Each structure stands twice: as C-alpha cells, then as structure tokens.
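# Commentary on secondary and tertiary structure
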Amino acid sequence: MVLSVWQTEAFDNDGIGNALENMIITGGSRYYCEYRDGLRLFLNRNQAEIDSETYQDHTCFTMSHAGSSAGFYLLLQVYLDHILHPLLKEEDYIPGVHYINGDGLDAGVLYNEVKEREETPTSLVDIALKKVLYPGNSRYGYEFEGSTENLRNSTNVEKVRAYHEKYYRPENLVLTITGNVDIYTLLHKLNVHTICTIRGEGCYNRTEPFVRPWQNEIERNAMNQVEEIIVEYPADDELEGNVVFAWRLPGELADDIQLLQGYKFITNYFEAEFTWSKESLSARVKSKFLELKEPSVQIIFENVETDRMDDVVQEVETWLNNIVTGGPDKLNLRRIQTLLTRWGQEFRI
C-alpha cells in the first residue's frame, strides 16, 4: 500500500483543497486518459484501488495493490504522476466542482456533496464550536470542505492550480510504502523523472520559497471562560435537539499520545454514566475527538427534548463538580473495570 500525506491549510471557505482532491484523479502530465475516472478504471483492471480524503490540516491519498511487484512499480509511477503533476484542466473542473446545468441550477460533484452536508446539525455545530474553541486567526474556523456560496461565487480553477503549486511540493510530502517491496528494486524501477520530483532535484521550479503550514500559534480562550452558543438547523421535529459540550485539550496532539488515550477513556466512562442512568435525558450519548494539532473533545447528547435541554446542562455540571470535589470515591469502579476489559479486548491487550 502507498500513502502520501500533504500538510494543507485553508484560509477561507472556498474548498480549494477538496476541489483539488477531486481533480487530481482526472489525469497527470505523463499518464492521461480522455475519459473521466480513467485512473480508477486502470487501477481496477490491475487489482488496485485509490482513495483520497481532505481533512482540516492535511490531505492524503492511498493506493492499495494485490497484484505482482512489476505491476505495483508501474502503478506507483502513475499514482505519483497524477498527484505531483496533475493537468488541472478547466474542462475537468467544471463537472467535478461546480457549473450551471441545462435547467439553470447549480450542479457539480463537489457542489452536490457540500450541499448535502452543510445544513446538517453535525456540520453546523462543528463550525460554530471550532470558532469558539480556536478563536482569532485560527484556520480551524473555516469550512475546509467548502461552502455552496463560495463554490458558486469565488472558487475557480486558477485558485486550485495555485493551491497545488503552494502545497504539493516535495518538501511537503510524506510518502509511506508498506508491503513486500524491496527498497533497492523500488528505487531502481522508479524512472528518473519521478525520483527527481520526489527529491526536488530541479524538476520543480517553484518561484516562491516553501513555507510550512500551521506554524502560527493558535490563540486560547481564558481558562475559566464558559461560552454558550445556540445553533439553529432545519429539522423535521422541532421538539428535539442536541446538546453538545466541548473542551479544547491542553498541549499538542503529538506531545502525549497516552494522555490523549486517557481522555478518550474518560469520555467513554462519561458516556456510560449517562447512557446507563436510571433516567436517561437523551436517546444517545457519544463523544467525538477532533485530532488536530491542538485537539479538542465533544460530548454529544442526541435527541434531547427541547424543554429538558437545561436539565442536561445542570446534570452534567453537577456530575463534573462531584467528581472534582469528591475525587476517585465518586467514580463507579465496577463500571471502569468493565470499560477497561472491553478496551483490552478491542486492542487485544
């Protein structure tokens, strides 16, 4: 399997990174097919598949292959050519991102995906919380997947090309290859053009010096500051809603992975306490971690009756205060043991 990861950063809601991800598979400078999704068809016929995903702070592309080594080396060249040297033609941008169809309506693969997502409760709440948890000049407050308004009015193929030139550089590439592959044969099979591209030996004539993304310090709220926000969203039932508690965790993600796992266990215990309680205030309680450079966590109470939302807030505050003031004696040790056993089975400890 091949995994390539690029640090990417969004400065607005144009969804440029997402648009680029959709356009890359349409063709590279050396390997181009006149049919859309030609790369996928080529890979399928060679027992391989490619996938891609855009996240808040990085974009990744994966290719897995189950055939011979000779086939893998060829596919690797095609894979890298599409990512490092995409054609990014306007005729590929139009159907892949946004256009006006024959009925005068907005259309496009990416536009339709964003339209389905952006009015959902999860999306609206996430954006609102990120703006509170990561204030000031933070890039986390932007919708990296894009908004329909921006896709209609400001996103264009020239911005996509500039984005690729800025971030898709050898200095910003982490390329991971796993499997039964001999490293010397691998380097020998890669042609000179591909090797130069990876090493940056003259094949990429960038005019601007490379500036690594996410180097600016992210502002923090005051330690004791509590903010309450109300997010309205379209729904079939106006008698129910969600209540979300969110905290920004101290430090950076890579500083202490064990501590992060400890937070995850605590949230699982929190879920169990309120899910298995005698008087459940919601249909479901779940947690969600934003594993960003500076991570945060959400506790989500789903399908809460609107007239009981204040009760949820009060119950959670009371429970947390009891734990803080009472210490370990206030914890349900039997429940903790059950969760630890379940974790051990899940991770085969």
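In this structure, the second largest pocket spans a volume of roughly 400 Å³. What lines the second largest pocket is a set of 20 residues, among which Asp126, Lys130, Phe144, Lys288 and Leu290 lie closest to the centre. Breaking the lining of the second largest pocket down by element, the ones donating at least two residues are helix H6 (121–133) and strand S8 (284–290). Looking at which element gives the most residues to the lining of the second largest pocket, the answer is H6, with five residues. Along the lines of polarity and charge, the residues of the lining of the second largest pocket split into seven nonpolar, five polar and eight charged.

Here we take up unusual backbone geometry. Residues other than glycine seldom take positive phi values, yet Leu88 does so here, at roughly 50 degrees. Secondary-structure assignment places Leu88 in the loop between helix H3 (69–84) and helix H4 (90–96). Take Leu88: its relative accessible area is 4%, and that puts it in the buried class.

Summed over the entire model, instances satisfying the criterion amount to twelve salt bridges. Notably, a salt bridge pairs Asp126 with Lys288, separated by 2.5 Å at the nearest N-O pair. Of this pair, Asp126 sits in helix H6 while Lys288 sits in strand S8; the two residues are 162 residues apart in sequence, bridging distant segments of the chain. For Asp126, a relative accessible area of 13% corresponds to the buried category. Across the salt bridge formed by Glu171 and Arg169, the nearest N and O atoms sit 3.4 Å from each other. Under the relative-accessibility criterion, Glu171 is labelled partly exposed at 40%. Judged by its relative accessible area of 6%, Arg169 falls in the buried class. Each member of the salt-bridge network shares a partner with another, and the members are Arg117, Glu143 and Glu145.

Bringing the sheet that holds strand S1 (residues 2–7) into the picture now. Working definition: the strands of a sheet are paired by backbone hydrogen bonds and lie parallel or antiparallel to each other. Spatial strand order, S2-S3-S1-S6: four strands in an open sheet with antiparallel pairing. The open sheet terminates on both sides in strands that have one partner only, identified here as strand S2 (48–54) and strand S6 (173–177). The mean angle between the axes of side-by-side strands here comes to 10 degrees, regardless of whether they run parallel or antiparallel. Where S1 meets strand S3 (residues 58–65), six bridges bridge the pair, whose relative direction is antiparallel. By the bridge assignment, Val5 is partnered in S3 with Cys60. Against the sheet, H3 engages S1, S2, S3 and S6, with an angle of about 160 degrees to S3.

What follows covers a negative patch on the surface. Taken together, the side chains of Asp236, Asp237, Glu238, Glu240, Glu305 and Asp307 present a region of like negative charge at the surface. In this structure, Glu305 sits in strand S9 (residues 296–305).

Our next topic: the packing of helix H1 (residues 16–24) against helix H8 (residues 157–167). Where H1 contacts H8, the axes come no closer than 9 Å and their chain directions differ by 85 degrees. Taken as axis vectors, H1 and H8 run roughly perpendicular relative to one another. Across from Ile16, Gly17, Ala19, Leu20 and Met23 in H1, the residues of H8 making contact are Val157, Lys159, Val160, Tyr163 and His164. Looking at the contact of H1 with H8 residue by residue, the class counts come to seven nonpolar, two polar and one charged.

Turning our eyes to something else, we now look at the packing of helix H11 (residues 257–275) against helix H12 (residues 309–326). Look at H11 against H12: their axes get within 12 Å of each other, and the N-to-C directions meet at 125 degrees. In terms of orientation, H11 lies oblique with respect to H12. As for how H11 packs across H12, the hand of that crossing is right-handed. Within the contact between the two elements, H11 uses Tyr269, Phe270, Glu273 and Phe274 and H12 uses Glu315, Val316, Trp319 and Leu320. Looking at the contact of H11 with H12 residue by residue, the classes come out as six nonpolar, no polar and two charged.

The side chains of a regular strand alternate, residue by residue, between the two faces of the sheet. Pairing of S2 with S3, which is carried by seven bridges, proceeds in the antiparallel orientation. Along S3, the bridge assignment pairs Asp51 with Thr62. Here S2 hands over to S3 after three residues, the two strands then running antiparallel side by side.

Let us now look at the side chain of Thr8. With respect to the helices, strands and loops of the structure, Thr8 is situated in the loop between S1 and H1. Within the local environment of Thr8, its side chain forms a polar contact with the side chain of Thr59, the two groups lying 3.1 Å apart. Those residues within four positions of Thr8 in sequence are excluded, and the remaining contacts are Gln56, Asp57, His58, Thr59, Tyr163, Tyr167, Tyr168 and Trp214.

Here we take up the side chain of Arg248. Mapped onto the elements, Arg248 comes out in strand S7 (residues 240–248). Accessibility expressed as a relative area gives 13% for Arg248, which makes it buried. A distance of 2.9 Å separates the side chain of Arg248 from the backbone oxygen of Leu133, its partner in a polar contact. Within the structure, the side chain of Arg248 is placed 2.4 Å from the side chain of Glu294, a separation counted as a polar contact.

Parameters and conventions
Residues numbered from 1 in each chain as written. Predicted model: local features only at pLDDT ≥ 70, side-chain atom pairs only at ≥ 80, totals over all residues. Heavy atoms only, no water. 1 Å grid on protein atoms, 1.4 Å probe; cavity = no way out; pocket = protein on both sides within 12 Å on 5 of 7 lines; lining within 4 Å. Points joined across faces, edges and corners; volume = space filled by probe spheres on them. Helix = DSSP H or I, 4+ residues; strand = E, 2+ residues; numbered from the N terminus. Nonpolar A, V, L, I, M, F, W, Y, C, P; charged D, E, K, R; others polar. Buried < 20%, exposed > 50% of the residue type's maximum accessible area, 1.4 Å probe, protein only. Salt bridge = Lys/Arg side-chain N within 4 Å of Asp/Glu carboxyl O. Pairing = 2+ DSSP bridges. Axes fitted to C-alpha atoms, helices over the stretch in contact; angles between N-to-C directions. Contact = heavy atoms within 4.5 Å. Patch = residues over 30% accessible without salt bridge, like charges linked within 9 Å, V, L, I, M, F, W, Y side chains within 5 Å. Areas by Shrake-Rupley, 256 points an atom, 1.4 Å probe, with all protein chains shown as cover. Lys, Arg positive; Asp, Glu negative; His and termini not counted. Charge placed at Lys NZ, Arg CZ, Asp CG, Glu CD. Parallel < 35°, antiparallel > 145°, perpendicular 65-115°, else oblique. Left-handed = near helix turned anticlockwise from the far one by under 90°. Polar contact = N/O pair within 3.5 Å; in protein donor to acceptor, adjacent residues only side chain to side chain.

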